[in-house]
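Single-letter residue listing:
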Amino acid sequence: MVESDCIDERLSAKTIVKRENGDWQLDFGKVITGWFELRMRGLEAGDRVVIEYSDEVDSDGNLLEQKQFDTYIARGEEDKFCNKFNHHAFRHVRISGLKDTPTAEDAHALMIHTRYSDDVEFVCSDEDLNAIHDMIEHTMRCLAYNGYMVDCPHLERAGYGGDGNSSTQILQTMCGTAPLFRNWIQSWADAMREGGSLPHVAPNAGAGGGGPYWCGFMVMAPWYTYLNYRDLTVVERYYAHMKEWLGYAEKHFKDGLKERW
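First things first, this report covers the structure right here in the doc. (Residues numbered from 1 in each chain as written. Predicted model: local features only at pLDDT ≥ 70, side-chain atom pairs only at ≥ 80, totals over all residues. Heavy atoms only, no water.)

## Some details on the packing of aromatic side chains
- Scanning all chains against the criterion turns up 13 aromatic pairs.
- Taking 5.6 Å as the distance between ring centres and 40° as the angle between the ring planes, the aromatic pair formed by Trp223 and Tyr226 counts as tilted. Taken together, the residues Trp223 and Tyr226, both in helix α5 (residues 217–229) and three residues apart, mark about one turn of the helix.
- Since its relative accessible area comes to 24%, Tyr226 is described here as partly exposed. (Phe/Tyr/Trp six-rings, centres within 6.5 Å; stacked < 30°, edge-to-face > 60°. Helix = DSSP H or I, 4+ residues; strand = E, 2+ residues; numbered from the N terminus. Buried < 20%, exposed > 50% of the residue type's maximum accessible area, 1.4 Å probe, protein only.)

## Topic: the state of the cysteines
- Summed over all chains, the structure comprises zero disulfides.
- There is no disulfide at Cys82, and the cysteine sulfur nearest it, in Cys6, is 14 Å away.
- Cys124 carries a free sulfur, and the closest cysteine sulfur to it, the one in Cys175, is 18 Å from it.
- Residue Cys124 is classed as partly exposed on the basis of its relative accessible area of 25%. (Disulfide = S-S within 2.5 Å.)

## Here's the deal with the environment of Met242
- Positionally, Met242 belongs in helix α6 (residues 233–250).
- Put simply, Met242 and Glu78 are 164 residues apart on the chain and 54 Å apart in space, counted from C-alpha to C-alpha.
- Every residue in contact with Met242, bar those within four places of it in the chain, is listed here: Met218, Val219, Pro222 and Val235. (Contact = heavy atoms within 4.5 Å.)

## Remarks on the environment of Asn228
- Residue placement: Asn228 occurs in helix α5.
- A residue is classified by how much of its surface remains accessible, and Asn228, at 29% relative accessible area, is partly exposed.
- With 59 residues separating them along the chain, Asn228 and Gln169 place their C-alpha atoms 8.0 Å apart.
- Within the structure, the side chain of Asn228 is placed 3.1 Å from the side chain of Gln169, a separation counted as a polar contact. (Polar contact = N/O pair within 3.5 Å; in protein donor to acceptor, adjacent residues only side chain to side chain.)

## As for unusual backbone geometry
- Cis geometry marks the peptide bond from Ala202 to Pro203; its omega dihedral reads 0°.
- With respect to the helices, strands and loops of the structure, Pro203 is situated in the loop between α3 (178–191) and α4 (212–215).
- Phi at Glu78 is positive, roughly 50°, even though this residue is not glycine.
- As for its position among the elements, Glu78 is in the loop between β5 (68–73) and β6 (79–82).
- Phi is positive for Asn146, close to 60°, though the residue is something other than glycine.
- Tracing the backbone through its elements, the reader meets Asn146 in the loop between β10 (144–145) and β11 (148–149).
- By relative accessible area, Asn146 is classed as partly exposed at 48%.

This is how it looks when you write it as structure tokens:
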């Protein structure tokens, strides 16, 4: 069992600017992973409103193209949009097709993530170190949802083992993510193929690249979960999978060096 996703934070727009072409551009002040909520007035049934998302803008203030967008078709009364069937990673939103000026009360960014616990606090006399800590903590929240971690929440959205290996020690030190890792490790076990072969991401969508450091997550994740949480159950439960993958990898070594497979 793993904690459900939750709305962790509700942000109002810091700035709302009308562009020369009539589009409205909103800046929520920081990048989040989640939903965008918009209340609209003055629309007629069938009007189309296009909402585009990005986590960056260029030097002219234009959104960087990330192919994140929603299209809303108005019903013409009490129009309110929130796409709960998808999520976006964004700080900036561009809206076209509105007839009335949006206000800070009309638009909100809703941050979502898997509801794990915060187990560690860190504060020191160096404001730069405090900022680095807060940045890492916020980044981890943006990457953890649906009971696993992704490499990036806007482009690939995949649970890469290499990214998991590089962040496990930090995340497990700062937060209570034992349920999340038990859930994610099960996804890796489910993705194991005959003979011990593994993909590079889990849950497995059939794509994604990497080497042994990626699929070696099947070994490293249970081990670190045991070391950091003293949770031996994951090692006991997946020990056969860990051995099977190591046996598969061993077949592709020659004179101590890995061969391409």
